[in-house]
Amino acid sequence: MSDINVVAVAACTRQGEADRFVVQVGRFHPRRDDAEKRREVLAGFLTVYFPFAKKAAGLTS
């Protein structure tokens, strides 16, 4: 995780084979004085989004 980027990776199974599911979310913001808030928002978004994206991709753990 950085001020403008967050990446999540999870092991999964696709079509019976071991695989990895990766999501990267980036958000450009010209102000640099609110990095802590941006990190909090990015982490919160990915926490909610990641399981739904994985399921929509047809992947299982």
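Thresholds, definitions, all that
In this convention, every chain numbers its residues from 1, walking through the sequence in written order. At least 70 in pLDDT is required for a residue's local features to be given in this predicted model, at least 80 for side-chain atom pairs to be given and counted, and no such filter applies to totals for whole chains, interfaces and linings, which use all residues. Calculated side-chain values reflect all of the structure's heavy atoms, with hydrogen atoms and water omitted. Exposure above 30% relative accessible area and the absence of a salt bridge qualify a residue for a patch, where like charges join within 9 Å and nonpolar side chains (Val, Leu, Ile, Met, Phe, Trp, Tyr) within 5 Å. Per-residue accessibility takes into account occlusion by the displayed protein chains alone, with areas from the Shrake-Rupley method and a 1.4 Å probe. Any Lys or Arg side-chain nitrogen found within 4 Å of a carboxyl oxygen on Asp or Glu counts as a salt bridge. Secondary structure elements follow DSSP: runs of H or I no shorter than four residues count as helices, runs of E no shorter than two count as strands, and numbering proceeds from the N terminus. Within 6.5 Å between ring centres, the rings of Phe, Tyr and Trp (the latter by its six-membered ring) count as paired, and their orientation is classed by plane angle as stacked under 30 degrees, edge-to-face over 60, tilted in between. The rule is simple: take the accessible area with a 1.4 Å probe, protein chains only, and divide by the maximum for that residue type; under 20% is buried, over 50% is exposed, in between is partly exposed. In plain words, nonpolar cores are sets of buried Ala, Val, Leu, Ile, Met, Phe, Trp, Tyr and Cys residues tied together by side-chain atoms within 4.5 Å. For this analysis, residues touch if any pair of their heavy atoms sits within 4.5 Å. Between the first and last residue of a helix there are one fewer steps than residues, each counted as 1.5 Å, and that sum is the expected span. Take the seven residues that end at a residue and the seven that start at it, fit an axis to each, and the angle between those axes is the bend at that residue.

**A closer look at a nonpolar patch on the surface**
- Together, Val 7, Val 9 and Val 22 make up a nonpolar patch on the protein surface, roughly 250 Å² of accessible area in all.
- Take Val 22: it is sitting in strand S2 (residues 17-26).

**Describing the pattern of salt bridges**
- In total, this model carries 1 salt bridge according to the counting rule given.
- Lys 37 is paired through a salt bridge with Glu 40; the nearest N and O atoms lie 3.7 Å apart. Here the residue Lys 37 and the residue Glu 40 both occupy positions in helix H1 (residues 35-56), the gap between them amounting to 3 residues, near one helical turn.

**Observations regarding the packing of aromatic side chains**
- This model, assessed by the stated rule, comprises 2 aromatic pairs.
- Ring centres 5.3 Å apart and planes at 50° place the aromatic pair Phe 21 and Phe 50 in the tilted group. Separated by 29 residues along the polypeptide, Phe 21 in strand S2 and Phe 50 in helix H1 bring together distant segments of the chain. Grouping residues by exposure puts Phe 21 and Phe 50 together as buried.

**Describing the environment of Lys 37**
- Relative accessible area serves as the criterion here: at 47%, Lys 37 is assigned to the partly exposed category.
- Separated by 36 residues in sequence, Lys 37 and Met 1 place their C-alpha atoms 13 Å apart.

**Focus: the nonpolar core**
- One finds Val 6, Ala 8, Ala 10, Cys 12, Phe 21, Val 23, Val 25, Leu 42, Leu 46, Phe 50, Ala 53 and Leu 59 forming the largest nonpolar core, which totals 12 residues.
- When residues of this core are traced back to their parent elements, those giving at least two are strand S1 (5-14), S2 and H1.
- Not counting chain neighbours up to four residues away, the residues in contact with Leu 42 comprise Ser 2, Asp 3, Ile 4, Asn 5, Val 6, Val 25 and Arg 27.

**Describing H1**
- Its 22 residues give H1 an end-to-end C-alpha distance of 30 Å, which sits within 8% of 32 Å, the value for a rise of 1.5 Å per residue.
- The largest bend in H1 is about 35°, located at Tyr 49, with the proline Pro 51 one to four residues further on.
- Taken together, the buried positions of H1 are Ala 35, Arg 38, Leu 42, Leu 46, Phe 50, Ala 53 and Lys 54.
- Those residues of H1 that are buried are in contact with S1 and S2.

**Some words on the environment of Phe 52**
- Topologically, Phe 52 is positioned in helix H1.
- Taking relative accessible area as the criterion, Phe 52 reaches 60% and is therefore assigned exposed.

All we've got here are geometric facts, nothing functional implied.
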